[in-house]
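Remarks on the overall topology
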Amino acid sequence: MIKIVVAGFKGRMGATATKMVIEHERFELVGVLDPHAQEKNLSEISDYQELNVPVFKEKETLVKSVVADAWIDFTIPKVAYENTYFALENKIAPVVGTTGFTEEQVASLIKLSKAQKTGGLIAPNFAIGAVLMMEFATKAVQYFPDVEIIELHHDNKLDAPSGTAVKTAEMMEEVRAKKAQGNPDEKETIKGARGADYEGMRIHSVRLPGLIAHQQVQFGGTGEGLTIRHDSYDRASFMSGVALGCEKVVELKELVYGLENLL
Ligand SMILES: NC(=O)C1=CN([C@@H]2O[C@H](COP(=O)(O)OP(=O)(O)OC[C@H]3O[C@@H](n4cnc5c(N)ncnc54)[C@H](O)[C@@H]3O)[C@@H](O)[C@H]2O)C=CC1
Ligand SMILES: O=C(O)C1=N[C@H](C(=O)O)C[C@H](O)C1
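Everything numeric in this text was worked out from a predicted model, so none of it was measured. (Residues numbered from 1 in each chain as written. Chains lettered and ligands numbered in written order. Predicted model: local features only at pLDDT ≥ 70, side-chain atom pairs only at ≥ 80, totals over all residues. Heavy atoms only, no water.)

1. With respect to the domain arrangement of the protein
One can read the domain layout of the protein as domain 1 (2–122 + 236–257) and domain 2 (128–232). If you average the C-alpha positions of domain 1 and of domain 2, the two centres end up 29 Å apart. Buried area between domain 1 and domain 2, summed over both chains or domains, comes out near 850 Å², and the portion from carbon and sulfur atoms is 55%. If you look at where domain 1 meets domain 2, you find 0 salt bridges. Along the contact surface separating domain 1 from domain 2 lie 3 residue pairs in polar contact (both at pLDDT 80 or more). For the side of domain 1 that touches domain 2, the residue count by class is 4 nonpolar, 4 polar and 2 charged. (Domains from an automatic or database assignment. Buried area = accessible area lost by both parts, 1.4 Å probe. Salt bridge = Lys/Arg side-chain N within 4 Å of Asp/Glu carboxyl O. Polar contact = N/O pair within 3.5 Å; in protein donor to acceptor, adjacent residues only side chain to side chain. Nonpolar A, V, L, I, M, F, W, Y, C, P; charged D, E, K, R; others polar.)

This is the structure:
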């Protein structure tokens with residue numbers, strides 16, 4: 001059995017991941033963490049009455065009380081780095097969906113994981129279709145360097161652009177012929193109209209109630225266009241990737257960035 005803790009279990013994704021861990025035959029939920037929790041044990045929550053899983057408000061208390069192999073993190077960008085660092089320091093393999101990491105933070109966490117000989121995964125998107133979207137976009141941009149990313153999410157999301165959009169841009173940048181896009185003399189008559197600029201590629205973030213998670217990567221060429229789009233209609237779309245991550249990280253000796261590294 002793989003012993004798992006879930007950080008952020010009171011949230012949209014944390015609650016979904018907690019349910020997945022409970023139902024998975026190879027996983028054992030040994031603790032949950034959330035500063036907004038009022039409970040002392042999951043059994044106090046009607047959906048989990050038959051369980052005996054301790055609830056923690058502080059990570060330091062959690063690691064003194066339970067032994068875990070993997071740490072699922074769906075928290076907030078503000079604490080993602082410190083939580084991941086803390087898990088690695090305690091040789092608990094992080095499986096991190098929380099977004100908002102800088103490139104420098106990812107590099108620092110990979111370095112720590114190697115020193116700790118502890119596996120881990122940071123995946124801006126756990127949906128298999130989203131990973132394919134990013135890989136297809138990386139292929140397409142070699143032929144169509146003019147590209148704009150439009151990511152669309154629910155209006156409770158804290159960060160913009162999305163981690164998926166940033167990862168997509170990072171992957172395309174590695175193979176894209178460097179160029180600026182649009183008219184060099186263009187002027188924004190309303191600030192922000194052209195979106196975020198990532199190495200000449202533009203990223204636009206839509207936030208609306210009713211949405212879950214959606215992204216389209218739109219390419220333009222001579223007399224033609226190409227659009228690659230992924231839609232998550234339910235947070236269940238992320239769970240097979242989270243489960244795969246938990247099964248794989250316990251076999252790794254360093255942290256990897258992107259679910260594509262485990263497919
Ligand atoms: N990689 C992926 O496939 C996906 C990633 N995400 C990312 O996951 C993160 C969470 O998204 P949601 O669940 O929608 O947010 P949410 O706001 O519903 O949940 C976040 C939870 O984290 C808790 N929290 C805050 N600080 C904490 C701490 N120090 N330790 C433990 N828990 C803490 C909050 O109390 C809250 O319950 C976001 O960064 C989002 O971008 C979301 C969906 C898929
Ligand atoms: O906040 C979300 O919901 C999501 N966040 C991730 C991101 O920032 O890319 C993944 C997915 O898009 C859902």
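We are not done yet, so read on.
2. So, the site of ligand 1
Taken together, 24 residues surround ligand 1, and among them D34, H36, T99, A123 and F126 come closest. F126 places a main-chain nitrogen or oxygen 2.8 Å from an oxygen atom of ligand 1. Its free accessible area being 860 Å², ligand 1 has 85% of it covered by the protein chains. Secondary-structure elements contributing two or more residues to the shell around ligand 1 are helix 1 (12–23) and helix 3 (77–89). Here the shell around ligand 1 is composed, by residue class, of 10 nonpolar, 9 polar and 5 charged. (Near = heavy atom within 4 Å. Areas by Shrake-Rupley, 256 points an atom, 1.4 Å probe, with all protein chains shown as cover. Helix = DSSP H or I, 4+ residues; strand = E, 2+ residues; numbered from the N terminus.)

3. Topic: unusual backbone geometry
For the bond running from A160 to P161, omega is -5°, close enough to zero to count as cis. Assignment of secondary structure puts P161 in the loop between strand 7 (146–153) and helix 6 (163–173). Within the chain, K91 stands out as a residue other than glycine whose phi angle is a positive 55°. Secondary-structure assignment places K91 in the loop between helix 3 and strand 5 (93–96). Even without a glycine there, the phi angle at E199 is positive, about 55°. With relative accessibility at 38%, the residue E199 sits in the partly exposed group. (Buried < 20%, exposed > 50% of the residue type's maximum accessible area, 1.4 Å probe, protein only.)

4. Things to note about the site of ligand 2
Near ligand 2, the surroundings consist of T99, P124, N125, H153, H154, K157, S162, G163, T164, A213 and F238. In the environment of ligand 2, an oxygen atom lies 3.5 Å from a nitrogen or oxygen atom belonging to the backbone of P124. Here ligand 2 loses 85% of its free accessible area of 320 Å² to cover by the protein chains.

5. Regarding the sheet that holds strand 8 (residues 196–198)
Adjacent strands of a sheet pair through backbone hydrogen bonds, lying either parallel or antiparallel. Reading across the sheet, the 5 strands line up as 8-9-7-10-11 and stay open at both edges, with mixed pairing between neighbours. Where the open sheet ends on each side, the last strands, each with one partner, are strand 8 and strand 11 (224–232). Adjacent strand axes in the sheet meet at a mean angle of 20°, parallel and antiparallel pairs treated alike. Judged from the 8 bridges that link them, strand 7 and strand 10 (residues 213–221) form a sheet pairing that is antiparallel. Among the inter-strand pairings, E148 is bridged to a residue of strand 10, identified as Q218. (Pairing = 2+ DSSP bridges. Axes fitted to C-alpha atoms, helices over the stretch in contact; angles between N-to-C directions.)

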